[in-house]
Amino acid sequence: MIEIEELTFQYREADAPAIEDVSLSIPSGTFAGIIGPAGSGKSTLTYALNGIVPHCYPGDLYGSVRIEGHDTCDTALTDLSRMVGSVCQDIDSQFISAVVEDEMLYGLENYGVPHDQIEERVKEALDAMGIAELRHRSIASLSGGQKQKVAIASILALRPSVLVLDEPTAELDPASSRSVFTLLSHYVEAHGTTVVVVEQKIALLSEFADLLVVMDGGRIRFADAPEEVLAHSEELLEIGVNCPRCTTLMNRLAAGGLYEGPVCTNVSSACRALCEVAA
Amino acid sequence: MDGFLEYVPGDSLLHRLNPVTKIAFAMLFAIACFCTSDLAFLCLMLVFGIAMAASCSMLRQTAGLMKAVFAFSLVLAVLLLLTTPKGDLLIDLPWGYVGTGSVLAAIATVMRLEAAAIPLFLTFYVTKMTDLSNSFVKVLHVPYRYAFTFASTVHFIPVFMNDMKGIMEAQTARGIEFDRGGIVKKIRLMMPLCVPLLVSSVRKTNSSAIAAEVRGFALRTRESGYKNYPMTRTDWGVLVLGVAILAIAISLNFL
């Protein structure tokens, strides 16, 4: 369970808060997606969840963030990291090792995972990301997409109860992006993991997320089920978030009185709705 | 894969040796080179170094290193030539002379630096930095934070060099002529790029430190390491060879 109460954070050198008066509750086992224009405070919100704010980036913090009941301000970063696995936006700076296998082992070794479980965990995470063949490759020789998969796999191997990912599919092609989201969705179902993912691909978020959070100017503008949030397509467009085209089309038909059904979040549901309208 | 100081996978004897053995042998080898000025011995050491490079298919990289070391050692050699008047007179100078002994000392300096650099250089190419730091922790009981600092320093050298290359390519695409002119012009053009490189380096180092911390860096102990680095008979044999080389180098001074 993640509970954020009236959270405001201003970086020490900044003139204005990066996030302001943010309150959000994410139940365990939820797949939450965060979207918003550049500079809206998405990454700072993820830093607040994994404890990087305020432990690594100093500044003024008001309000509270609780992960499984632990206040992130009062809990040491190392203890928080046992619960929260993080994949940063800058993948290259996340790598500690030069070879994929060593990168996978790093966290497992640090957390004292019994040595007889390590091989199984490494294999499972690499297989899950479809990169078993990269195990002995040098990280410098990998493509951007492969590096992203390695970074995600190295965190999945730790089996955290909360997984925070900042734009994990930024360098992935559409098929790989979908497979990453499918995998994350599987983790939510199979392990009850809470997944919080910052992403610009709204079509993917609306398909996989249980909770869609839209941020603008450091504040939360919407936080609801994707169907509810996407009903506000005009307001989303105003703040710089494009809805999937099928959603925009169906919302316009609804505004013109031609469609009265639920919000369509993907092409197949829009097709079905259009067939019904045409009939 | 074969960038500067980046690990090159392989299955040669050098690859298979214990990382502690590799670094210890490289150090003994380098110290031995500095313990004697015997040209025949230094020549043998140089040949031995090149043979080691050939055994792990690193001749191309070693040739690059030797070229760089040669340029550096040439400066020292010229200084020695001009400031060490020894042996029979060859050239008279206002402050002394260049003698046959000066020439031999200059040649010895070049050969010494070339020979001493090769095994140390090879160690970084045939050893994963993680193995090097983990073996320091497991075998030598070095505290992990110091081993990690050392490994990270070496790990970041190629990263920053790639960053510099990227910045230079971006500047070249905007019309800065890095590909023309001499070394002085290149250095003058590179000076303003040091600031963005420094900024990005500090940022990367900070991000990397945070990434390590959120993956339990502070929890690591000597027992944490998954891999073990046992010393085999070959390792002990190589260490004995290193000590023998050092002993021969020292004893040459008394012959």
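Residues numbered from 1 in each chain as written. Chains lettered and ligands numbered in written order. Predicted model: local features only at pLDDT ≥ 70, side-chain atom pairs only at ≥ 80, totals over all residues.

Draft legend 1. Fine view of the sheet that holds strand 1 (residues 2-11) of chain A. Residues and elements named next belong to chain A. Spatial strand order, 2-1-4-5: four strands in an open sheet with antiparallel pairing. Edge positions in the open sheet fall to strand 2 (19-26) and strand 5 (70-71), since each of these has one partner strand only. Sheet contacts for helix 1 (residues 42-50): strand 1, strand 2 and strand 4 (59-67); angle to strand 1, the most-contacted strand, approximately 120°. (Pairing = 2+ DSSP bridges. Helix = DSSP H or I, 4+ residues; strand = E, 2+ residues; numbered from the N terminus. Contact = placed C-beta atoms within 7 Å. Axes fitted to C-alpha atoms, helices over the stretch in contact; angles between N-to-C directions.)

Draft legend 2. Local environment of the confidence of the model for chain B. With 99% of its residues at a pLDDT of 70 or more, chain B has an overall mean of 90. Both confidence scores are given for the complex: pTM 0.81, ipTM 0.81. (pLDDT = per-residue confidence, 0-100.)

Draft legend 3. Quick look at the pairing of strand 1 (residues 89-93) of chain B. All names here are of chain B. In this structure, strand 1 lies alongside strand 2 (residues 96-99), joined through four bridges in antiparallel fashion. Following the sheet pairing, Leu93 is matched in strand 2 by Gly96. Here strand 1 folds back onto strand 2, and the loop between the two strands holds two residues.

Draft legend 4. Molecular detail of the pairing of strand 8 (residues 194-198) of chain A. All names here are of chain A. Strand 8 sits mainly inside the fold: five of its five residues count as buried. As paired strands, strand 3 (residues 31-35) and strand 8 are joined by four bridges and run parallel to one another. By the bridge assignment for strand 8, Gly33 is matched with Val197. As paired strands, strand 7 (residues 162-166) and strand 8 are joined by five bridges and run parallel to one another. Residue pairing in the sheet places Val164 in a bridge with Val196 of strand 8. (Buried ≥ 20, exposed ≤ 12 C-beta atoms within 10 Å, placed from the backbone.)

Draft legend 5. Local environment of unusual backbone geometry. Here the residue pair Val53 of chain A and Pro54 of chain A is connected by a cis peptide bond, since its omega of 10° sits within 30 degrees of zero. Of note, Pro54 of chain A is situated in helix 2 (residues 52-55). Of note, Asp21 of chain A is a non-glycine position whose phi angle comes to about 50°, a positive value. Residue position: Asp21 of chain A is located in strand 2. Phi angles above zero are rare outside glycine, and His141 of chain B is one such case at about 60°.

Draft legend 6. Structural context of the packing of helix 3 (residues 39-55) of chain B against helix 5 (residues 100-126) of chain B. Residue and element names in this part refer to chain B. Following both chains from N to C, one finds helix 3 and helix 5 inclined at 30°, their axes separated by 9 Å at the closest point. Put simply, helix 3 runs roughly parallel to helix 5. By crossing handedness, the relation of helix 3 to helix 5 is classed as left-handed. In this structure, helix 3 contributes Leu39, Leu42, Cys43, Met45, Leu46, Gly49, Met52 and Ala53 to the contact, and helix 5 contributes Leu104, Ile107, Ala108, Met111, Arg112, Glu114, Ala115, Ile118, Pro119 and Leu122. Of the residues contributing to the contact of helix 3 with helix 5, the split by class is 15 nonpolar, one polar and two charged. (Parallel < 35°, antiparallel > 145°, perpendicular 65-115°, else oblique. Left-handed = near helix turned anticlockwise from the far one by under 90°. Nonpolar A, V, L, I, M, F, W, Y, C, P; charged D, E, K, R; others polar.)

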